Amino acid sequence: MINAPKGTKDMLPSESYKWQAVEKAAKKIAALYNAKQIRTPVFEHAELFLRSIGDSTDIVNKEMYIFDDKGGRKMALRPEGTAGVVRAVLENNVIETLPQKLFYIEGVYRYEQPQAGRYREHHQFGAEFFGSALPCFEVELLGLAHDFLREIGFNDLLLKINSIGCNKCRAQYNAALREFLSGVHDSICGDCKRRAEVNPLRTLDCKVPSCQEIYKNAPRISDYLCDDCKAHHAAVLKGLDDIGIKYVEDKNLVRGLDYYTRTVFELCDGDMAVLGGGRYDGLCEQLGGKPTPCVGFGCGIERLIAAAEAHGVKFDNPQPKVFVAAQSDEARNTCLKIVKTLRDMGVTAECDLMGKSLKAQFKHADRQGFVYVMTIGESELSSGVYSLKNMNSGEVISVNAKDLSAIKDL
Ligand SMILES: [Zn+2]
Ligand SMILES: [Zn+2]
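Residues numbered from 1 in each chain as written. Chains lettered and ligands numbered in written order. Predicted model: local features only at pLDDT ≥ 70, side-chain atom pairs only at ≥ 80, totals over all residues. Heavy atoms only, no water.

A. Broad picture of the overall build of the chain. Summing up its helical and strand segments, the chain has 14 helices and 16 strands in all. Relative to the globule expectation of 22 Å for 410 residues, the C-alpha radius of gyration of the chain, 27 Å, shows a markedly less compact shape. Referenced to the eigenvectors of the C-alpha coordinate spread, the extents of the chain come out at roughly 90 × 55 × 40 Å. Counting every position in the chain, which comprises 410 residues, the buried fraction comes to 50%. (Helix = DSSP H or I, 4+ residues; strand = E, 2+ residues; numbered from the N terminus. Rg over C-alpha atoms; globule rule 2.2 N^0.38 Å. Buried < 20%, exposed > 50% of the residue type's maximum accessible area, 1.4 Å probe, protein only.)

Following this line, the structure appears as structure tokens:
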């Protein structure tokens, strides 16, 4: 026997309805916002992620699946969704007309220590909006994120939001942060020592508790924002107020990716972020395109499902409708014809494919959750009247063989 690779999880038939419900909600809400779906390759040139996510991040340094293909090219499995979407959009000139609102549902890959809710392959619903530097762009994106989570069944998630400034004000902040970090150099972890040199903002992201304790006294980006960034942030918050999205400002929120500018946010269930993102105005240019302001978010579907179930959310699990059971071998051909007719009418139907006894067919239908079982035997064949048993109530209904469309409305 060969087992699944460590850190991966099969989506089994008993669970797939939850995934379908999440994807249905994502597609429904995205459509309401006129966002269009995009799919990009699972693997890209590794360079794409080095240049976008940043080579000072844990994702690129420790967690990315990198390999040489047979042609000697450095490839990587995508560790997040944004970079590939931006690459595709620039390459195919999708942003000739703006704005462009895109969404994706795809797997992402990180070589992490597997733990509850974290997998080496996990799936994301994400949205990336291209084209506007206005604060209403964040509000539009957060509206989509919020409506999606409400559609799933969340009513009380907490939106944490912060501004990490622009290139202009970040330079001054970085200088102040570097000075602070040099003062605590001996007390911070090895990773943070390295981050302090390459990209000091990343230190604030450190998961080591003793580092977190020290960074409570670190200078805050909010005290260094330039006037434009301050005004932008205030306008985003005002827009959220206008559409009724509740939030708290979290001054320590920085997010683990290098490309963010100004707004960063997380939608949290307790301490756990189920959706996160921000503005990334520099990324298109960084990847060789013309400067294009953007906002985006990603939402881990595995975590989302776990969090939803912890809150008692019941995902829609549609029951199959009619199982057509054969009482005799002669009846089996008629059963095939009946299920064909029912399916043509849009009714989920199945008949026995295993040569089971009538009793075993009822058992199968019950296990599969069929609402009705229609039994076809001698008397039904000669009378042309079929009876359906409601498996939930036990009630029996008669339908004429010539008018099966009555079943559609049951
Ligand atoms: Zn600024
Ligand atoms: Zn640290």
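Now that the structure has been shown, we can carry on.
B. Region of interest: the coordination of the zinc ion (ligand 1). Looking at the zinc ion (ligand 1), the protein donor atoms are Cys166 (SG), Cys169 (SG), Cys226 (SG) and Cys229 (SG), and they sit 2.2 to 2.3 Å from it. Metal-centred angles of 104 to 117° between the four donor atoms at the zinc ion (ligand 1) mark the site as tetrahedral. Site description for the zinc ion (ligand 1): donor spacing in sequence, C-x2-C-x56-C-x2-C. We classify Cys226 as buried; its relative accessible area is 15%. (Donors = N, O, S within 2.8 Å, 3.2 Å for Na, K, Ca; no water. Tetrahedral: all angles 85-135°; square planar, octahedral: opposite > 155°, others 65-115°.)

C. Representation of the layout of surface pockets in the model. Put simply, the second largest pocket is a space of about 440 Å³. Breaking the lining of the second largest pocket down by element, the ones donating at least two residues are α1 (16–32) and α5 (135–152). Sort the elements by how many residues they give to the lining of the second largest pocket and α1 lands first, with eight residues. Partitioned by chemical class, the residues of the lining of the second largest pocket number nine nonpolar, four polar and five charged. (1 Å grid on protein atoms, 1.4 Å probe; cavity = no way out; pocket = protein on both sides within 12 Å on 5 of 7 lines; lining within 4 Å. Points joined across faces, edges and corners; volume = space filled by probe spheres on them. Nonpolar A, V, L, I, M, F, W, Y, C, P; charged D, E, K, R; others polar.)

D. Up close: helix α11 (residues 301–310). Among the residues of α11, those classed as buried are Ile301, Glu302, Leu304, Ile305, Ala307 and Ala308. Just past α11, the residue Gly312 takes up positive phi, approximately 80°.

E. Here's a closer look at the coordination of the zinc ion (ligand 2). Around the zinc ion (ligand 2), the protein supplies Cys189 (SG), Cys192 (SG), Cys206 (SG) and Cys211 (SG) as donor atoms, at distances of 2.3 to 2.4 Å. Each of the four donor atoms bound to the zinc ion (ligand 2) contributes to angles spanning 105 to 114°, and the resulting shape is tetrahedral. Read in sequence order, the donor residues for the zinc ion (ligand 2) give the motif C-x2-C-x13-C-x4-C. Highlighted residues: Cys192 in helix α7 (residues 190–198) and Cys211 in helix α8 (residues 209–215), separated in sequence by 19 residues. Both residues of the pair, Cys192 and Cys211, count as buried.

F. Structural view of the pairing of strand β11 (residues 294–300). In terms of burial, β11 is a largely internal element, seven of the seven residues being buried. Taking every second residue as pointing to the same face, both faces of β11 are buried, with Cys294, Gly296, Gly298 and Gly300 on one and Val295, Phe297 and Cys299 on the other. As judged from the seven bridges shared by strand β6 (residues 121–130) and β11, these two strands associate in the antiparallel manner. For Phe125, the partnering residue across the bridge sits in β11 and is Cys299. Inspection of the sheet shows strand β10 (residues 272–279) paired to β11 by five bridges, in the antiparallel sense. By the bridge assignment, Leu275 is partnered in β11 with Cys299. (Pairing = 2+ DSSP bridges.)

G. Broad picture of the sheet that holds strand β13 (residues 349–351). If you trace the five strands from one edge of the open sheet to the other, you get β13-β12-β14-β15-β16, paired in mixed fashion. The open sheet terminates on both sides in strands that have one partner only, identified here as β13 and β16 (396–400). Across the sheet, the mean angle from the axis of one strand to that of its neighbour is 25°, orientation sign disregarded. Bridge analysis of strand β14 (residues 372–376) against strand β15 (residues 385–390) gives four bridges, and the strand direction is antiparallel. Bridge pairing in β15 places Val373 opposite Lys389. Its contacts with the sheet put helix α12 (residues 329–344) on β12 (322–326), β13, β14 and β15, and the angle it makes with β12 is roughly 165°. In the packing of helix α13 (residues 358–367) onto the sheet, contacts are made with β12, β13, β14 and β15, and the angle to β12 comes to roughly 170°. (Axes fitted to C-alpha atoms, helices over the stretch in contact; angles between N-to-C directions. Contact = heavy atoms within 4.5 Å.)

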